[in-house]
Amino acid sequence: MTTLMQASRQWASRPSDERFTSLTELHGKVRRERHNSIQSVVSTRKIEVQPHPGDTRHGITIAGDHGMSDPTNWSFNQLASLAGAPASYLRKLPAPIVADAMNYGLRFNRDAEDVGILRTHVDRTTADNHLIPMNELRAATGPRYGRVWNDEIVGALVNKFGDGVTGDFKVPGEFGKDVPITKDNTTIYGSDRDIFVFLADEHNRVEMSNRRNGQGGSLARGFFVWNSEVGSQSIGAAFFLFDYVCMNRIVWGVQEFKEIRLRHTVSAPDRWLEEISPVLMEYSEASAAPIEQTIAEAQQKRVDDDLDAFLSKRFTKSESSAIKQAHLREEGRPIETVWDATTAVTAHAKTIPHQDARVQMERKGGAILDLVAVK
């Protein structure tokens, strides 16, 4: 078994205004953002960077046929990249010099290529608590960027899982026990850059008769979903079984980790509907019984007579050797069944120091169960 740190990193880094205590609260935010947003494709020759009125030292604004928009930190990075200039260096320069450098790069370095822009109307609060309406440039991407709206993703989650705090799948408790959900312990996050949601069903647990060393036990089901409308990361979902979640939102005792990750290409919206959304919907409606049946069959199904041949189809020679040794070390006997092979991979994954490589090994171990997956 292994641990997952994704939710813990979100918990440790998100400020208060990016934390939500229910799916419906997050959905309200992303729905308003979509309603107030306009996406379009324009020529870089029609984009003009100007010093922001009243702030000649650092502030800039973006002008063009789309109107005036103030860039976010993220969209400034994207525009600087399109202009061929390092954003970190530009931030040190006076606004007029920044504007000149970016305008030159957008006009001549890119040879009048098109760029996809996303503008959102927002109300900013001034120091004296007055609201100022403005347009915010949230993204400057390639013209074929495949945007999947956070509104669609969170809306789908609300339709199937409710508010995320009162149904079967909800913000996980602490060490398997329900606790009041606050901004301090939530696992529902969203900003102008991305969203991340972690929900779990800790009551309808998967019972396992021979989980470890001949002893029975149970595991909960959980999943992550993430997305960025502005290009800061991929769109994806991960599904797994686990023991419990601690107070700092580390997921412990993870098994059968499987992930679907899509880049924001032009086909991304269709692929979200075809590949990720149906899996989430089935996950919400499925009972623990099919998973228990799969595990039970895996515990009975024996691997091929040649264990080395079985492992070599899925792992390198060095990985196969480490996997066999891990099972001997933890179980005191060789690998005999498909379930043995799966738990052996999990045991080996625990010894891998780097998180990305450890999770990748977990994915490969979870894929072994597809050999006996219930249809």
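Refer to the structure printed above.
One structure accompanies this document, and this report is about it. (Residues numbered from 1 in each chain as written. Predicted model: local features only at pLDDT ≥ 70, side-chain atom pairs only at ≥ 80, totals over all residues. Heavy atoms only, no water.)

1. Quick notes on the packing of aromatic side chains
Our working definition: Aromatic rings from Phe, Tyr and Trp, taking only the six-membered ring of Trp, are treated as a pair when their centres fall within 6.5 Å; an angle between ring planes under 30 degrees marks them as stacked, one over 60 as edge-to-face, and anything in between as tilted. Segments assigned H or I by DSSP are reported as helices when at least four residues long, segments assigned E as strands when at least two residues long, and all are numbered from the N terminus. Type-normalised accessible area, obtained with a 1.4 Å probe on protein chains alone, sets the label of each residue: buried when under 20%, exposed when over 50%, and partly exposed for intermediate values. Note on geometry: a ring has a charge over it if NZ (lysine) or CZ (arginine) is within 6 Å of the ring centre and within 35 degrees of the ring normal.
Counted by the stated rule, this structure contains 14 aromatic pairs. Where F198 meets F242, the ring centres are 6.4 Å apart and the plane angle is 70°; that geometry is what we call edge-to-face. In this pair, F198 sits in strand 10 (residues 195-212) while F242 sits in strand 12 (residues 235-242), placing the two residues 44 residues apart along the sequence. As far as burial versus exposure is concerned, F198 and F242 are alike and both buried. Seen in terms of ring centroids, Y244 and W252 are 6.4 Å apart; in terms of plane orientation they differ by 20°. Their pairing is stacked. An aromatic cluster is present here, built from Y189, F196, F198, F224, F240, F242 and F257 joined pairwise through their rings. Over the aromatic face of W149 sits the side chain of R147, whose NZ or CZ is 5.9 Å from the ring centroid.

2. With respect to the side chain of D151
Using the following cut-off: Contacts: residue pairs with any heavy atoms within 4.5 Å of one another.
Relative to the helices and strands, D151 is located in helix 6 (residues 150-161). Owing to a relative accessible area of 15%, D151 belongs among the buried residues under this scheme. Not counting residues up to four positions away in its chain, the partners in contact with D151 are H27, V30, R31, R34 and E229.

3. Quick notes on the environment of K324
Structurally, K324 can be placed in helix 10 (residues 317-331). For K324, a relative accessible area of 26% translates into the label partly exposed. Taking the C-alpha atoms as reference points, K324 and A344, 20 residues apart in sequence, are found 6.8 Å from one another.

4. Brief notes about the packing of helix 2 (residues 23-35) against helix 6
Selection criterion: With axes taken as lines fitted to C-alpha atoms, and helix axes fitted only over the stretch in contact, angles between N-to-C directions fall between 0 and 180 degrees. The scheme is simple: roughly parallel for angles under 35 degrees, roughly antiparallel for over 145, roughly perpendicular for 65 to 115, oblique for anything else. The hand of a helix crossing depends on one turn: near helix anticlockwise from the far one by less than a right angle means left-handed, and clockwise means right-handed.
One can describe the packing of helix 2 onto helix 6 by two numbers: an axis separation of 9 Å at closest approach and a directional angle of 150°. Taken together, the axis directions place helix 2 and helix 6 in an arrangement best described as roughly antiparallel. When you trace helix 2 past helix 6, the crossing you get is left-handed. Residues L23, T24, L26, H27, V30, R31 and R34 of helix 2 form the contact with helix 6, whose participating residues are N150, D151, E152, V154, G155, L157, V158 and F161.

5. Comments concerning the nonpolar core
Keep this limit in mind: Note on terminology: a nonpolar core comprises buried Ala, Val, Leu, Ile, Met, Phe, Trp, Tyr and Cys residues joined through side-chain atoms within 4.5 Å.
In terms of nonpolar packing, the biggest core is built from 28 residues, with L23, L26, L157, L199, F223, W272 and L280 touching the most fellow members. Secondary-structure elements contributing two or more residues to this core are helix 2, helix 6, strand 10, strand 11 (215-227), strand 12 and helix 7 (268-285). When residues in this core are grouped by element, the largest group, 6 residues, is from helix 6. With sequence-adjacent residues up to four places away left out, L23 is seen in contact with V154, L157, V158, F161, G162, D163, G164, I188, V197 and L199. In terms of nonpolar packing, the next biggest core, distinct from the first, is built from 23 residues, I60, L90, A99 and L106 among them.

6. Let's talk about the pairing of strand 14 (residues 251-262)
The condition is simple: Whether two strands pair comes down to DSSP finding at least two bridges between them.
Both strand 1 (residues 2-4) and strand 14 contribute to a ladder of 2 bridges, which runs antiparallel. Pairing of T2 across the sheet is with V254, part of strand 14. Where strand 12 meets strand 14, 6 bridges bridge the pair, whose relative direction is antiparallel. In the strand pairing of strand 14, A237 is matched with I260. Looking at chain direction, strand 13 (residues 244-245) and strand 14 are connected through 2 bridges and run antiparallel. Residue pairing across strands places V245 opposite V251, the latter belonging to strand 14. Connecting strand 13 to the next strand, strand 14, in antiparallel fashion are 5 residues, including R249 with a positive phi near 65°.

7. So, the environment of S16
The topology assignment puts S16 in the loop between helix 1 (6-13) and strand 2 (19-20). Put simply, S16 and K183 are 167 residues apart on the chain and 6.8 Å apart in space, counted from C-alpha to C-alpha.

8. Observations concerning the side chain of Q10
Along the chain, the position of Q10 falls in helix 1. Note on Q10: relative accessible area 16%, which makes it buried. In contact with Q10, not counting residues within four places along its chain, are R19, Y189 and F196.

9. Focus on the packing of helix 10 against helix 11 (residues 338-349)
In contact at an axis separation of 8 Å, helix 10 and helix 11 are set at 95° when each is read in the N-to-C sense. The angle between helix 10 and helix 11 places the two elements in the roughly perpendicular class. The residues of helix 11 that touch helix 10, namely those facing A322, I323, A326, H327, R329 and E330, are D340, T343, A344, V345, A347 and H348.

10. As for helix 3 (residues 73-83)
Summarising burial for helix 3: 8 of the 11 residues are buried, a large majority. At the exit of helix 3 stands G84, carrying a positive phi of roughly 80°.

11. Some words on unusual backbone geometry
A positive phi is found at F175, a non-glycine position, where the angle reads about 55°. With phi around 65°, R249 is a residue other than glycine that occupies positive phi space. Tracing the sequence through the fold places R249 in the loop between strand 13 and strand 14.

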